[in-house]
Amino acid sequence: MTDDELPELRASDADRERVTEQLRDALAEGRLDMEEFEERLEATYKARTYGELAPITRDLPGPAAVAPVSMVKQPAESGSWAGRIVGGEGSSAWAVAIMSGFERKGRWTVPRRFNSFAFWGGGEIDLREANFADREVVINCVAIMGGVNVVVPPGVEVVVRGIGIMGGFDHREEGQPGEPGAPRVIVTGFAFWGGVGVERKLTRAERLRIKEERRQERLERKAARKELQGSGSDSSGLGEMFDALDEARDLIRERHEDRRERHEERRERHRERREERHRRRNGGY
């Protein structure tokens, strides 16, 4: 049976998640801007059939340039981590910031050992969208009167083994067990009058996806209550009360998340300005 013969086949949550993952890849690669991504993400979670789901990524390349959505049911994958353990040598093995800064973020492959050095400067090593050369990788950080920040995605196990002298390593993300198949990240090295931070964060695209899922859940609960009201099993006043409670709870949560995002953006701008001042003060080095 061909894909064209199954336009009305109901799509599953796994099908929608595959499309969402492809949209996130397209956003990271610059194929979609944020507005297009949000529009397509909304359409993805509204889609109920393959006929509605398939056009969303028709103009985007999938793995090996194949069709983004398969209309024939396949066994569900055991998890998304397996596809991110890619082997090889890694796309970047080291980074240096001397009175300046460095970044490793976006789509890149973390080698088995990544070495970084920051002197009177700072750097960020972001693993949220990265692939991994092995199931266990070592991030070695040397920070002398400077700092390095390591950002890991949820689900990754973190082990911190660094030594600090008048400085320190952040151990807050240790102790959380990793998801099945997820890589193990060991942060090691040396900090003198400096620090190495480790934090666990979602990507902006993932935060948007979660926000959209919550909105859809709220709409579905509201629709279910309306059906109960129509059947006479629920009073109008009680349904309105639940709607108001849902909206208040979501508003509080969204405001909290917005404050946290603004705080992160301010911190990022502050770091960029600090690095720019270092570069100007030292002639661009």
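First, a word on what this report is: a plain description of the structure on this page. Remember, it's a predicted structure, so these values are computed and weren't measured experimentally.

The rules we used
- Residues numbered from 1 in each chain as written.
- Predicted model: local features only at pLDDT ≥ 70, side-chain atom pairs only at ≥ 80, totals over all residues.
- Heavy atoms only, no water.
- Helix = DSSP H or I, 4+ residues; strand = E, 2+ residues; numbered from the N terminus.
- Buried < 20%, exposed > 50% of the residue type's maximum accessible area, 1.4 Å probe, protein only.
- Contact = heavy atoms within 4.5 Å.
- Expected span 1.5 Å × (residues − 1).
- Arc of directions from axis to C-beta.
- Polar contact = N/O pair within 3.5 Å; in protein donor to acceptor, adjacent residues only side chain to side chain.
- Pairing = 2+ DSSP bridges.
- Phe/Tyr/Trp six-rings, centres within 6.5 Å; stacked < 30°, edge-to-face > 60°.

Digging into the side chain of threonine 20
Mapped onto the elements of the fold, threonine 20 is located in helix α1 (residues 13-28). We classify threonine 20 as buried; its relative accessible area is 0%. Leave out the neighbours within four places in its chain, and threonine 20 touches Leu41, Thr44, Tyr45 and Arg209.

Quick look at helix α2 (residues 34-46)
Look at α2: 18 Å from first C-alpha to last across 13 residues, which is about the 18 Å you get at 1.5 Å a residue. Regarding α2, the residues found buried are Phe37, Arg40, Leu41, Thr44 and Tyr45. The buried residues of α2 occupy an angular sector of 135 degrees when the element is viewed end-on, so they sit on one face. You can read the cap of α2 off the contacts: a side-chain oxygen lies 2.7 Å from the backbone nitrogen of glutamate 36, and it is on aspartate 33.

Brief notes about the pairing of strand β13 (residues 195-200)
Both faces of the sheet carry side chains from a regular strand, because those side chains alternate between them. Among the six residues that make up β13, five are buried, leaving the element largely enclosed by the rest of the structure. In the sheet, strand β8 (residues 147-152) pairs with β13 via six bridges, with the strands oriented parallel. By the bridge assignment, glycine 147 is partnered in β13 with glycine 195. Judged from the two bridges that link them, strand β11 (residues 168-169) and β13 form a sheet pairing that is parallel. Each residue of the ladder has a partner; that of phenylalanine 169, found in β13, is valine 196.

Section: the packing of aromatic side chains
In this structure the tally under the stated criterion is three aromatic pairs. Note on phenylalanine 192 and tryptophan 193: the rings are 5.7 Å apart at their centroids and 0 degrees apart in plane angle, and the pair reads as stacked.

Notes on α1
Between its first and last C-alpha, α1 extends 23 Å over 16 residues, near the 22 Å set by a 1.5 Å rise per residue. Asp15, Arg16, Val19, Thr20, Gln22, Leu23, Arg24, Ala26 and Leu27 are the residues of α1 that are buried. Remark: glycine 30 follows α1 within two positions and exhibits a positive phi of approximately 85 degrees.

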